[in-house]
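Coordinate analysis (summary)
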Amino acid sequence: VVGQMVIGLLNVMDIKAKLDHLHIGEAAFVNQTADGVIIVPFMGQAALAKGGPATLVMSNTTHTATAPLAVTGGTLELFDASWPNATGVTVDATAGTDATLKLTAGPDARATIFPKKIPFTLVDGEGAVAKIEIPAGVQLRANDLVVNGRIRSGVWGSSASGAPNKDDVHFAGAGTV
């Protein structure tokens, strides 16, 4: 269908032409072995999970899906994109592959990546690390920050962030959560 695509399991990685949005009717799992880009908004009320060792860039748009967002392997990069209705973010490396949520934002988008307080959960795996990369100028607002089952209170970030609580294993970049 031109203009819309309802997905369950998504393996097509360069979705650019002939669509103006992707509607998530049920849970969508993007399993990647090669890097890819999606430049159309996700809509709907089901979870999006990104797995596999590659990088998926979701670029230049507002994703209106009202659902949790998960990274279970590789890197999910939100590039000048926002997810205002996200209900939570989980970065889970328990499958044995490093998992990273990378946020890249221009000056106009920095405050709107995740504009409301949501829970952030990071879980390491055997020999694998869960990480959030936050750019300068971005302060994610979390109603809960849980790292490996332990609630973290206060402001957290990498050594580059200036946050009072530093963790270079789970955070990168100059932003904070």
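So, a few notes on the structure that sits alongside this text. Model, not experiment: these values are computed from the prediction.

So, the overall build of the chain
Each helix and strand counted, the chain has 0 helices and 18 strands in total. Here the chain holds 177 residues, and the buried ones make up 49% of them. Carbon and sulfur atoms provide 52% of the accessible area of the chain, an area that totals close to 7900 Å².

Examining the side chain of R152
Counting through the fold element by element, R152 comes out in the loop between β15 (150-151) and β16 (156-157). Look at R152 and you get buried, because its relative accessible area is 19%.

As for the packing of aromatic side chains
A complete count under the given rule lists 1 aromatic pair for this structure. The cationic tip of R152 hangs over the ring face of W156; the distance from NZ or CZ to the ring centre is 4.5 Å.

Quick word on the pattern of salt bridges
This model, assessed by the stated rule, comprises 1 salt bridge. Its salt-bridge partner being R152, residue D167 comes within 3.1 Å of it at the nearest N-O pair. Taken together, the residues span a long stretch of sequence, with D167 in the loop between β17 (165-166) and β18 (171-172) and R152 in the loop between β15 and β16 at a distance of 15 residues. Take D167 and R152: they sit in the same class, and that class is buried.

A word on the nonpolar core
Counting 38 residues, the largest nonpolar core has W83 and F114 as its most contacted members. Listing elements by their share of this core, those giving two or more residues are β7 (55-59), β8 (68-71), β9 (74-79), β10 (88-92), β11 (99-104), β12 (118-123), β13 (130-133) and β14 (142-147). Residues contacting F114, with those up to four places away along its chain left out, are L69, L78, W83, A86, V89, L101, L103, F120 and L140.

Overview of the pairing of β9
The buried fraction of β9 amounts to 5 of the 6 residues, a majority that puts the element mostly inside the structure. Examined bridge by bridge, β7 and β9 share 5 bridges and lie parallel to one another. Within β9, the residue paired with L56 across the bridge is L76. In terms of strand pairing, β9 meets β11 through 6 bridges, oriented parallel. Bridge assignment links L76 to a residue of β11, and that residue is L101.

Things to note about the side chain of D167
Residue classification places D167 among the buried positions, given a relative accessible area of 10%. When sequence neighbours within four positions are dropped, the list of residues in contact with D167 reads R152, W156, G157 and S158.

A short note on the pairing of strand β6 (residues 48-51)
Side chains L48 and K50 project from β6 onto one buried face, and the interleaved A49 and G51 project onto a second face that is buried too. Bridging between β6 and β8 involves 3 bridges; their strand directions are parallel. Within β8, the residue paired with K50 across the bridge is V71.

Details of the environment of T62
You can see T62 is positioned in the loop between β7 and β8. A relative accessible area of 39% means that T62 is categorised as partly exposed. In this structure, the C-alpha to C-alpha distance between T62 and I39, residues 23 residues apart in sequence, is 9.9 Å. With residues near it in sequence (within four places) discarded, T62 still touches P41, S82 and P84.

Reading the values: rules and limits
Residues numbered from 1 in each chain as written. Predicted model: local features only at pLDDT ≥ 70, side-chain atom pairs only at ≥ 80, totals over all residues. Heavy atoms only, no water. Helix = DSSP H or I, 4+ residues; strand = E, 2+ residues; numbered from the N terminus. Buried < 20%, exposed > 50% of the residue type's maximum accessible area, 1.4 Å probe, protein only. Areas by Shrake-Rupley, 256 points an atom, 1.4 Å probe, with all protein chains shown as cover. Phe/Tyr/Trp six-rings, centres within 6.5 Å; stacked < 30°, edge-to-face > 60°. Lys NZ or Arg CZ within 6 Å of the ring centre and 35° of its normal. Salt bridge = Lys/Arg side-chain N within 4 Å of Asp/Glu carboxyl O. Core = buried A, V, L, I, M, F, W, Y, C linked by side-chain atoms within 4.5 Å. Contact = heavy atoms within 4.5 Å. Pairing = 2+ DSSP bridges.

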